[in-house]
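What follows is each chain in one-letter form.
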Amino acid sequence: MATAHPPERPHIVVHSPALDGSRRVTSGEETLGVASHVDDVAELLRLADLYVTDVEDSDLVEWQGGGPEDWPGLHEHPGG
């Protein structure tokens, strides 16, 4: 009996903060959007059908130039 190969796991990258503190989010070569808060990262992934329950601790998400708490230049999240 042949075993199925598991689907390839996406490589999600939250890039280093831009001058305004926003961070580009990509999956492979595809840009999913620009985030200004960790909640935005989760929403971008959800919209791309990449359901990651904890973007801050997931081994699917690579944080470059700082972790999920690093949003320099952005001091408040709207509505938060």
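Cut-off values and rules
Residues numbered from 1 in each chain as written. Predicted model: local features only at pLDDT ≥ 70, side-chain atom pairs only at ≥ 80, totals over all residues. Heavy atoms only, no water. Helix = DSSP H or I, 4+ residues; strand = E, 2+ residues; numbered from the N terminus. Buried < 20%, exposed > 50% of the residue type's maximum accessible area, 1.4 Å probe, protein only. Contact = heavy atoms within 4.5 Å. Areas by Shrake-Rupley, 256 points an atom, 1.4 Å probe, with all protein chains shown as cover. Salt bridge = Lys/Arg side-chain N within 4 Å of Asp/Glu carboxyl O. Polar contact = N/O pair within 3.5 Å; in protein donor to acceptor, adjacent residues only side chain to side chain.

A. The overall build of the protein chain, seen in detail. When you go through the protein chain residue by residue, the secondary structure sums to one helix and four strands. For the protein chain, the succession of helices and strands along the chain, N to C, is β-β-β-α-β. Within the protein chain, the fraction of its 80 residues that count as buried is 32%. Expressed as a percentage of contacts within the protein chain between residues at least 6 apart in sequence, the contacts between residues at least 24 apart total 45%. Of the accessible surface of the protein chain, which amounts to about 5,600 Å², a share of 51% is contributed by carbon and sulfur atoms.

B. Summary view of the pattern of salt bridges. One pass over the full model with this rule turns up one salt bridge. The salt bridge involving R46 is made with E43; its shortest N-O contact spans 2.7 Å. In this pair, R46 and E43 both sit in helix 1 (residues 38-47), three residues apart, roughly one turn of the helix.

C. Just the side chain of T26, in detail. Here T26 lies in strand 2 (residues 23-27). Engagement of the side chain of T26 in a polar contact is seen with the side chain of H15, the distance being 2.9 Å. Apart from the residues within four sequence positions on either side, T26 is in contact with H11, I12, V13, H15, T31 and L32.

No statement about biological role is implied by the geometric values presented.
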